[in-house]
Amino acid sequence: MQWEAAALFATPVFKFKLDELAPFIRFFHEHIKTAGVETDTQGALSHYFSRDNIFKCFPDLHPLGERLRKMGSFVYQDLMNYTESGDLYFTNAWFNLCEPGGTQPAHNHANCLLCGTLYLEADEHSHINFFHPLNNSSFHSELHDKAGEGKNAHGLRFHQRESRIPVRSGDCLFWPSWLKHGYRDNKTPGRLTLSFNMMPETLNLDYQPFTQA
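The paragraphs below set out a description of the structure included in this document. Computed from a prediction, not measured in an experiment: that's the story for all the values here. (Residues numbered from 1 in each chain as written. Predicted model: local features only at pLDDT ≥ 70, side-chain atom pairs only at ≥ 80, totals over all residues. Heavy atoms only, no water.)

1. Describing the state of the cysteines
Here the structure, examined in full by the defined rule, presents 0 disulfides. Between Cys115, a cysteine without a disulfide, and Cys112, which holds the nearest cysteine sulfur, the sulfur-to-sulfur distance is 3.7 Å. Here Cys172 stays free of any disulfide, with the sulfur of Cys115 as its closest cysteine sulfur at 12 Å. (Disulfide = S-S within 2.5 Å.)

Listed below in structure tokens is the structure:
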């Protein structure tokens, strides 16, 4: 019996590796965490400057922001194949600090087309979950028929309700903004991330979605 499988319309999650993170970790603890500007605290999880763009708020972070911006433009244009759109810019960027037991409920982002997270402090216990976009739809009841975990005997991994990706310090992930993500029961002490939302300056060379300040 001969057969083949095609992964049509796959959802991409891209990973890059960054080094020399110590100055940004130190900057967070010396200037961000002590600034008294803490928002959206949820138990063991705190977001800092989540309604702002930290790369504009703090000039010391501008080099990191520019590096991530170029990476985001490369992901969107060269890897995701949106070749007719302009370079990307940040709609907002913020820090997240999570202690053991913290949870980030599944969510997606509405003010962008590309999301990203840079893991500044992560270890062997750190991960992020991505959830199937049809997970909550009553029209797709087959997703509630539990699939096997991991790859099957044929090396395929279809019909998964969620995928868990391990992350380490220096990992930087990018994914489409509509893709739900989160994590449960964090076991990493001082899990520190920098998350950001991005939008093209122009769409298809015709439309400018926002007027930048």
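On we go.
2. Remarks on the sheet that holds strand S10 (residues 181-183)
The strand order S5-S10-S7-S8 describes an open sheet built from 4 strands, whose pairing is antiparallel. Each having just a single partner strand, strand S5 (104-107) and strand S8 (162-166) make up the two edges of the open sheet. Direction aside, the axes of adjacent strands within the sheet are offset by 25° on average. (Pairing = 2+ DSSP bridges. Helix = DSSP H or I, 4+ residues; strand = E, 2+ residues; numbered from the N terminus. Axes fitted to C-alpha atoms, helices over the stretch in contact; angles between N-to-C directions.)

3. Overview of the pairing of strand S6 (residues 114-121)
Among the 8 residues that make up S6, 7 are buried, leaving the element largely enclosed by the rest of the structure. Across 5 bridges, the pairing between S6 and strand S9 (residues 171-176) is antiparallel. Within S9, the position partnered with Cys115 by the bridge is Trp175. (Buried < 20%, exposed > 50% of the residue type's maximum accessible area, 1.4 Å probe, protein only.)

4. Let's talk about the pairing of strand S3 (residues 45-48)
Side chains of S3 alternate between two faces, with Leu45 and His47 and Ser46 and Tyr48 buried alike. When S3 meets strand S4 (residues 88-98), the two strands line up antiparallel, connected through 4 bridges. Each bridged residue has a counterpart across the sheet, and for Leu45 the counterpart in S4 is Cys98.

5. Some points on the side chain of Ser85
Positionally, Ser85 belongs in the loop between helix H3 (62-79) and S4. A residue is classified by how much of its surface remains accessible, and Ser85, at 7% relative accessible area, is buried. What Ser85 contacts, discounting residues up to four positions off in sequence, is Tyr76, Gln77, Pro200, Thr202, Leu203 and Asn204. (Contact = heavy atoms within 4.5 Å.)

6. What to know about helix H1 (residues 22-32)
Listed in full, the buried residues belonging to H1 are Phe24, Ile25, Phe27, Phe28 and Ile32. The arc that holds every buried residue of H1, seen down its axis, measures 160°, which confines them to one face. Contact partners of the buried residues in H1: S3, H3, S4, S6 and strand S11 (191-200). (Arc of directions from axis to C-beta.)

7. Focus: the packing of aromatic side chains
Counting across every chain of the model gives 11 aromatic pairs. Each ring, one from Phe16 and one from Phe174, has its centre 5.6 Å from the other, and the planes form 80°; the classification is edge-to-face. Taken together, the positions of Phe16 in strand S1 (residues 14-17) and Phe174 in strand S9 put the pair 158 residues apart, joining distant regions of the chain. An angle of 90° between the planes, with centres 5.6 Å apart, marks the rings of Phe90 and Phe196 as edge-to-face. Here Phe90 is found in strand S4, whereas its partner Phe196 is found in strand S11, with 106 residues between them in sequence. Take Phe90 and Phe196: they sit in the same class, and that class is buried. Taken together, the ring pairs in this structure connect Phe16, Phe55, Phe74, Phe90, Phe174 and Phe196 into an aromatic cluster. The ring of Tyr183 is capped by Arg191, whose NZ or CZ atom sits 3.8 Å from the centre of that ring. (Phe/Tyr/Trp six-rings, centres within 6.5 Å; stacked < 30°, edge-to-face > 60°. Lys NZ or Arg CZ within 6 Å of the ring centre and 35° of its normal.)

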